[in-house]
Amino acid sequence: MEISQQFIAQLQALLPHEWEALAAAITTTPPAVSIRLNTAKGAHEARTTGLEPVPWCPAGRYLAGREPFTFDTAFQTGLYYVQDASSMFIAHVIGSLVDGPVRYLDLCAAPGGKTTAAIQALPPGSTVVANEVMPQRARVLCENVTKWGSPRCFVTSNPASDFKQLRHYFDVVAVDAPCSGEGMMRKEAEAVAQWSPALVRQCAALQRSIVDDAWHALKPGGLLIYSTCTYNSEENEQVVQHLIDTCQATTVEVPVEAGWKVHPGIGTSAHCYRFMPHLTRGEGLFMAVLRKPEGKARPPKMKAVKARGRAAWPRGTEHWLDCAGDYSLAMRGDTIVAIPHDLESCAALLHGALHVLHEGITLGTVKGKNCVPSHALALSTALNPEAFARCEVDYATAMAYMRGETVVVDAPRGYVLLTHHGSPIGFANNLGSRANNLYPKPWRILSTHIPAQEPAVVTAGSCVHGEG
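What counts and how
Residues numbered from 1 in each chain as written. Predicted model: local features only at pLDDT ≥ 70, side-chain atom pairs only at ≥ 80, totals over all residues. Heavy atoms only, no water. Helix = DSSP H or I, 4+ residues; strand = E, 2+ residues; numbered from the N terminus. Contact = heavy atoms within 4.5 Å. Pairing = 2+ DSSP bridges. Axes fitted to C-alpha atoms, helices over the stretch in contact; angles between N-to-C directions. Phe/Tyr/Trp six-rings, centres within 6.5 Å; stacked < 30°, edge-to-face > 60°. Buried < 20%, exposed > 50% of the residue type's maximum accessible area, 1.4 Å probe, protein only.

## Observations concerning the environment of P31
- Position of P31 relative to the elements: it lies in the loop between α2 (19–28) and β1 (33–37).
- With 251 residues separating them in the primary sequence, P31 and G282 have C-alpha atoms 6.8 Å apart.
- Excluding its chain neighbours within four sequence positions, the residues that come into contact with P31 are R186, K187 and E283.

This is how it looks when you write it as structure tokens:
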């Protein structure tokens, strides 16, 4: 890999005593491969024997090399997420600084790595709103959030400026800002090709605009977690200083162990944390936590929008959920969604202000007098394990199912929950001689070259939602 002389000059100015080691790490050493386990779905230590842990993330594991994740049912059903180890630091930050249920906004959330890490790290009872302005990226975010299975998450697709309406609504706001991507150069050739000083300036201006908008939505005394995957100070320490100067923000110290080799901020006394591939086993990451000054909160005054659609749904649908009494059902067109009771006002407020793509649990779609169960329900941690007949399938059948093919199952007629290694992979409507495939079309595996042997990223074993 050849990086530009302008970029080399920037590294020399930034790190006069370390730039050569950093440049060598970027250009000559392979990137690390790591995953983060979904403990809410039962992915736990027993399934990852022999994998090296990520020091700052209890659920993180390093792999020996890249695997064919597309063909791993555990990946496709949200038992783990493929995420750079440096980015997992967000889980440590949340675990260290957040000690009670909060409203959490991930403002620039796609593809969903830091969102799912936050869902996992936040105290029980917390609410997550994950936002992505770009429609295509927002769809990917929805998919990954759905796979993770939490019933306490919303996905929206709005520009950051729209969140100014939700004044003082969130206890924690995370801004993983669009950046020049210098920290991804080792993994992505596009990051090398697109880099220029002009791009750095453009990104820094955008970042200042985004954090200014985010600040309005943050409660007095709340935390803003700012991060990028780039090295230069203009997009990192200088954006932090912008908030200090214009918003009277103060940076918050995060406990780190010396053995992690996290680099401090450069040219600043503010608490900042840099992950660099010549020091840590992961890609480039910058992160800082800023606290908003205390003051009187003035929550948003907005007209909440009530759900529209059918007034009723097929009987028994609510029993598809474990602890069904904890949820309220609502219609969105012909789709039934389940919202935890304590999030009903939040859902109404978000619908009144934002473009909501996903909320709670999508139970199914009403067709006539029946309801077709949704794939989101199959992957939810709130699924009632006794609500549907189950059929365990082998790897070849699981792959055929995920390719959208017709499958034959040994199960009663009607809607059947297919499982592989005991973990749900989706629904099929068993007609007897064949079963209609209900796997979502946009999620289908398109490759015809299915491995004969199942990838062993996470060792096989029974996995029931809610365990582990």
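## Describing the sheet that holds β1
- Strand order across the open sheet formed by 4 strands is β2-β3-β1-β4, with antiparallel pairing between neighbours. Two strands in the sheet have a free side with no partner beyond their single neighbour: β2 (52–54) and β4 (80–82). Averaged over all pairs of adjacent strands, the angle between their axes in this sheet comes to 40°, without regard to strand direction.
- Taken strand by strand, helix α5 (residues 113–121) contacts β1, β3 (57–63) and β4, and its axis lies near 40° from that of β1.

## Re the packing of aromatic side chains
- If you walk through the whole model with that rule in mind, you get 13 aromatic pairs.
- Between F7 and W195 the ring centres are 5.3 Å apart and the planes differ by 70°, which places this aromatic pair in the edge-to-face class. With a gap of 188 residues between them, F7 in helix α1 (residues 5–14) and W195 in the loop between α7 (189–194) and α8 (197–217) connect regions that are remote in the sequence. For the pair formed by F7 and W195, the shared burial category is buried.

## Structural notes on helix α4 (residues 89–97)
- Taken as a whole, α4 has its buried residues at F89, I90, A91, H92, V93 and I94.
- The secondary structure elements touched by the buried residues of α4 are β3, β5 (103–106), α5, β9 (218–228), β12 (273–275) and β13 (285–291).

## A look at the pairing of strand β15 (residues 335–340)
- Burial runs high along β15: 5 of the 6 residues are buried.
- Where strand β14 (residues 327–332) lies against β15, 6 bridges are found, and the strand directions are antiparallel. The residue of β15 that forms the bridge with A330 is V337.
- Count of turn residues in the β14/β15 antiparallel hairpin: 2 residues, of which G333 carries a positive phi of about 70°.
- Sheet analysis places β15 next to strand β17 (residues 361–367), joined by 4 bridges and oriented antiparallel. Counted as the bridge partner of T335 is T365 from β17.

Note that all results are geometric; they support no functional claim without further evidence.
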